[in-house]
Amino acid sequence: MSHPDIFSRRLPMGQILQWGIEALQEADVPTAKLDAEVLLGAVLGYSRAQVLARGHKTIDRHQRGHYAALIQRRKRGEPVAYILGKQEFYGREFMVDRRVLIPRPETEELVDRALNTLAGRAEPRAADIGTGSGAIAVTLAAEMPSLRVVAVEISAGALAVAEENARRNGVAERVTFLEGSLLEPLAGLPPFDLIAANLPYIGTGEMELLDASVRDYEPHGALFAGPEGLDLFTPLFEQLRARQVLKPEGVVLLEIGYAQGAALARLARSFFPEARTITVHKDLAQLDRIVEIRP
């Protein structure tokens with residue numbers, strides 16, 4: 001179906017959807033069908049199921065034009081989450097834009113481990129370092145009403161997004177947002193039961209291997225950390241060792257790259273030779289995903 005056809009006459013929604021799918025397939029978008037359905041649903045205020053069930057209905061010219069504009073943005077590589085301004089994470093909706101990374105499903109596994117770590121602790125306290133959109137901090141607070149969270153972020157723009165997500169998810173009173181680098185903003189605060197961090201961990205040498213939708217749209221400051229992606233872990237460990245930020249039974253959880261487990265475990269052991277445990281956990285795809293340190 002040529003582009004002008006969707007403007008020239010009223011067409012069944014199913015045909016409009018098919019135009020969107022074909023347009024994205026021609027642009028080699030790997031999730032063409034899903035994206036076309038989600039974007040049409042966003043234009044109409046429908047779920048994907050409603051989009052598929054109501055293919056016989058027609059939509060007006062304004063809606064067709066809006067849909068065509070969204071399809072063009074996706075064809076250029078812009079992620080659907082940025083187009084819609086939102087992303088689901090752990091069953092909640094988070095506002096996202098180009099100031100923050102789009103939350104990934106893999107990070108939900110870090111949240112699971114964090115919640116298990118904190119379970120049963122009296123008046124628990126957690127810190128989320130490099131909070132970005134606030135996905136980890138907000139989710140932990142929402143899942144555990146007794147928890148107090150401090151979220152640290154070096155980017156003022158990202159911090160503003162995270163604060164808005166805390167408000168939208170009803171936890172703003174229990175999440176404190178601080179601007180600064182790594183553990184520096186925690187100086188003078190009471191120690192924590194948990195320190196979680198999803199820091200930049202992609203090597204600059206891998207830049208050209210990334211999908212264009214990541215490389216060209218998501219903030220590089222939140223993606224890359226030196227040639228091997230490890231540049232932020234040494235200063236983090238130095239600060240962990242030098243500052244009294246953890247309670248005696250405190251735990252550190254770090255999201256890492258898919259093949260960084262052994263290197264980061266060695267690095268952590270060099271800073272914490274007396275640690276109770278240093279464990280690399282794999283994700284559901286059996287790739288390195290989380291380093292757990294119990295100093």
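Before reading on, note that the structure itself is shown above.
So, here's what we can say about the structure. (Residues numbered from 1 in each chain as written. Predicted model: local features only at pLDDT ≥ 70, side-chain atom pairs only at ≥ 80, totals over all residues. Heavy atoms only, no water.)

## Focus: helix α7 (residues 105-118)
Just so we agree on the cut-off: A run of DSSP states H or I qualifies as a helix once it reaches four residues; a run of E qualifies as a strand once it reaches two. Both are numbered from the N-terminal end. Each residue after the first adds 1.5 Å to the expected span of a helix. In this scheme, a residue with accessible area under 20% of its type's maximum is buried, one over 50% is exposed, and one in between is partly exposed, where area comes from a 1.4 Å probe on protein chains only.
Compared with the 20 Å implied by 1.5 Å per residue over 14 residues, the 21 Å span of α7 between its first and last C-alpha is a close match. Every buried residue of α7 is accounted for by T107, E109, L110, V111, A114, L115, T117 and L118. Two residues or fewer after α7 comes G120, characterised by a positive phi angle close to 85°.

## Section: the pattern of salt bridges
Side chains that differ in charge, positive against negative, can pair when their charged atoms come close. To keep it simple, the criterion reads: Any carboxyl oxygen of Asp or Glu that lies within 4 Å of a side-chain nitrogen of Lys or Arg is treated as forming a salt bridge with it.
Counted by the stated rule, this structure contains 17 salt bridges. Among the ionic pairs, D35 bridges to R74, the shortest N-O distance being 2.8 Å. Of this pair, D35 sits in helix α3 (residues 32-44) while R74 sits in helix α5 (residues 61-75), and the two are 39 residues apart along the sequence. Across the pair, R74 and D35 agree in class, each one buried. Residue R215 is joined to D216 by a salt bridge in which the shortest nitrogen-to-oxygen separation is 3.3 Å. Owing to a relative accessible area of 44%, D216 belongs among the partly exposed residues under this scheme.

## Topic: unusual backbone geometry
Located in the positive-phi region is E123, a residue other than glycine, with phi close to 45°. Mapped onto the elements of the fold, E123 is located in the loop between α7 and β3 (125-129). The exposure class assigned to E123 is exposed, which follows from its relative accessible area of 69%. In the Ramachandran plot, Q286 falls in the positive-phi region, its phi being about 65° despite a non-glycine side chain. Position of Q286 among the secondary structure elements: in the loop between β8 (277-282) and β9 (288-294). Taking the relative accessible area as the measure of exposure, Q286 reaches 55% and is therefore exposed.

## Some thoughts on the packing of aromatic side chains
As a reminder of what qualifies: In summary, the pairing rule links any two rings of Phe, Tyr or Trp, Trp by its six-membered ring, whose centres are within 6.5 Å, and it sorts them by plane angle into stacked for under 30 degrees, edge-to-face for over 60 and tilted for everything else.
Summed over all chains, the structure comprises 6 aromatic pairs. Here the aromatic rings of F89 and Y90 are separated by 6.4 Å at their centres, their planes lie at 40°, and the arrangement is tilted. With a relative accessible area of 0%, F89 lands in the buried category. Between F237 and F271, the ring centres sit 5.8 Å apart and the planes meet at 55°, which makes this aromatic pair tilted. Of the two residues, F237 sits in helix α11 (residues 233-242) while F271 sits in helix α12 (residues 261-271), which places them 34 residues apart along the sequence. With a relative accessible area of 0%, F237 lands in the buried category. By way of ring pairs, the aromatic residues F233, F237, F271 and F272 are connected into one cluster.

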